[in-house]
Amino acid sequence: GGLTRREIDVVRLVAEGLTTGEIARRLFISAKTADHHIQHIYTKVGVSNRVAIARWAIEQGIVVSTDT
């Protein structure tokens, strides 16, 4: 998807189910910056919501599914 290192960090946190505010606090950035990263991720990987980001991340091996 051509994601930056920071966008990969955001993808992992989205996949964990964190809110934009929680992602911002975890990465020491503003909520607005976190939201911009999320919007760029949507565009780059061709998805339109957080669930789709999580699915994409699992398919790409960026995160591991916890389903058993």
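Per-chain numbering applies: the sequence of each chain, read as written, is numbered from 1 onward. Whole-chain, interface and lining totals are the exception, using all residues; otherwise, since this is a predicted model, local features are given only for residues with pLDDT of at least 70 and side-chain atom pairs are given and counted only at 80 or more. The side-chain figures draw on all heavy atoms in the structure; neither hydrogens nor water molecules are used.

Novice: Please provide a residue-by-residue account of the overall build of the protein, values included.
Specialist: Secondary structure elements are defined from DSSP: runs of H or I of at least 4 residues count as helices, runs of E of at least 2 residues count as strands, and each element is numbered from the N terminus. Regarding its fold elements, the protein presents four helices and zero strands. Element order for the protein, N to C, with α for helix and β for strand: α-α-α-α. In this setup the radius of gyration rests on C-alpha atoms only. A globule is expected at 2.2 Å times the number of residues raised to 0.38. Taking 11 Å as the expected radius of gyration for a compact globule of 68 residues, we find that the protein reaches 11 Å, a close match to that expectation. Seen through its principal axes, the protein has C-alpha atoms that stretch 35 × 25 × 20 Å.

Novice: Which residues make up the side chain of Thr20, and what values do they have?
Specialist: Within the fold, Thr20 resides in helix 2 (residues 20-27). Each residue is assigned to one of three classes by its accessible area relative to the maximum for its type, calculated with a 1.4 Å probe on protein chains only: buried under 20%, partly exposed between the two thresholds, exposed over 50%. Residue classification places Thr20 among the buried residues on the basis of a relative accessible area of 18%. Not counting chain neighbours up to four residues away, the residues in contact with Thr20 comprise Ala31, Ala34, Asp35, Ile38 and Arg50. For this analysis, residues touch if any pair of their heavy atoms sits within 4.5 Å.

Novice: Give a description of the packing of helix 1 (residues 5-15) against helix 4 (residues 50-59) that names residues and reports values.
Specialist: Axis separation between helix 1 and helix 4 bottoms out at 9 Å; the angle between their running directions is 110°. Taken together, the axes of helix 1 and helix 4 lie roughly perpendicular to each other. Contact residues: Val11, Val14 and Ala15 in helix 1; Arg50, Ile53, Ala54, Trp56 and Ala57 in helix 4. Put simply, Ala, Val, Leu, Ile, Met, Phe, Trp, Tyr, Cys and Pro go in the nonpolar bin, Asp, Glu, Lys and Arg in the charged bin, and everything else, Gly too, in the polar bin. Taken together, the residues of the contact of helix 1 with helix 4 break down into seven nonpolar, no polar and one charged. To define axes, lines are fitted to C-alpha atoms, for helices over the stretch in contact only, and angles between the resulting N-to-C directions are given on a 0 to 180 degree scale. What sets the label is the angle itself: under 35 degrees gives roughly parallel, over 145 gives roughly antiparallel, 65 to 115 gives roughly perpendicular, and the rest give oblique.

Novice: So what about unusual backbone geometry? Which residues, and what values?
Specialist: Backbone geometry follows two general trends: most residues other than glycine have a negative phi, and most peptide bonds adopt the trans configuration. In the Ramachandran plot, Phe28 falls in the positive-phi region, its phi being about 60° despite a non-glycine side chain. Considering the arrangement of structural elements, one finds Phe28 in the loop between helix 2 and helix 3 (31-45).

Novice: Give me the lowdown on the environment of Gln39, citing residues and values where you can.
Specialist: Here Gln39 lies in helix 3. The exposure class assigned to Gln39 is partly exposed, which follows from its relative accessible area of 36%. Taking C-alpha positions, Gln39 is 9.3 Å from Asn49, a pair spaced 10 residues apart along the chain.

Novice: Can you tell me about the side chain of Glu7, naming the residues and giving the values?
Specialist: Among the secondary structure elements, Glu7 is positioned in helix 1. Discounting residues that sit within four places of it in the chain, Glu7 has contacts with Gly2, His37, His40, Ile41 and Lys44.

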